[in-house]
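Survey of secondary and tertiary structure
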Amino acid sequence: QVQLVESGGGLVQAGGSLRLSCVASVSFSNIAVMGWYRQAPEKQRELVATITKGGSTGYTDSVKGRFTISRDNAKNTVYLQMNSLKPEDTAVYYCNGQSNWGADYWGQGTQVTVSS
């Protein structure tokens, strides 16, 4: 069983920055893709960013140029650096891991609130 633990959420003013972290309980060699999702109140969960084992990244259009996903394989940790935050970025952010054997794992979520 893979456990993912997020941290780094909080309250920030518009234009500010936050860095989210997600630590996996297993080696990243077992994880094919890591990603960040978010879910705002009364909205569906949406994909924000992904990073593959090889380091390829992808972003949803609304965060391109503002958010950066990265991973530290030695620490089994994936990060989401969020700059120029907007009120519409307010959501619970979830870490996701897709294992080499096709299983899907989720963290418990961390709240990000951006005030205007």
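Above this text you will find the structure in question.
Residues numbered from 1 in each chain as written. Predicted model: local features only at pLDDT ≥ 70, side-chain atom pairs only at ≥ 80, totals over all residues. Heavy atoms only, no water.

What follows concerns the sheet that holds strand E8 (residues 77-82). Here we have four strands laid out as an open sheet, ordered E1-E3-E8-E7, and antiparallel in their pairing. Edge positions in the open sheet fall to strand E1 (4-7) and strand E7 (67-72), since each of these has one partner strand only. Strand-to-strand, the axes of this sheet are offset by a mean angle of 15°, without reference to chain direction. Sheet topology places E7 next to E8; six bridges connect them, and they run antiparallel. In the sheet register, Ile-69 faces E8, and the bridge partner there is Leu-80. (Pairing = 2+ DSSP bridges. Helix = DSSP H or I, 4+ residues; strand = E, 2+ residues; numbered from the N terminus. Axes fitted to C-alpha atoms, helices over the stretch in contact; angles between N-to-C directions.)

The next thing to look at is unusual backbone geometry. Located in the positive-phi region is Asn-76, a residue other than glycine, with phi close to 50°. With respect to the helices and strands, the residue Asn-76 is situated in the loop between E7 and E8. With a phi close to 50°, Ser-84 is a non-glycine residue in the positive phi region. Structurally, Ser-84 is set in the loop between E8 and strand E9 (91-99). The class of Ser-84 is partly exposed, set by a relative accessible area of 41%. (Buried < 20%, exposed > 50% of the residue type's maximum accessible area, 1.4 Å probe, protein only.)

This part takes up the environment of Thr-52. You can see Thr-52 is positioned in strand E5 (residues 46-52). A relative accessible area of 26% means that Thr-52 is categorised as partly exposed. Put simply, Thr-52 and Arg-71 are 19 residues apart on the chain and 9.2 Å apart in space, counted from C-alpha to C-alpha.

Within this structure, the stated rule accounts for four salt bridges. Ionic pairing is found between Asp-61 and Lys-64, a salt bridge with its closest N-O pair at 3.0 Å. On the basis of relative accessibility, which here comes to 62%, the residue Asp-61 falls in the exposed class. Residue Asp-89 is joined to Arg-66 by a salt bridge in which the shortest nitrogen-to-oxygen separation is 2.8 Å. Of this pair, Asp-89 sits in the loop between E8 and E9 while Arg-66 sits in the loop between strand E6 (57-59) and E7, and the two are 23 residues apart along the sequence. (Salt bridge = Lys/Arg side-chain N within 4 Å of Asp/Glu carboxyl O.)

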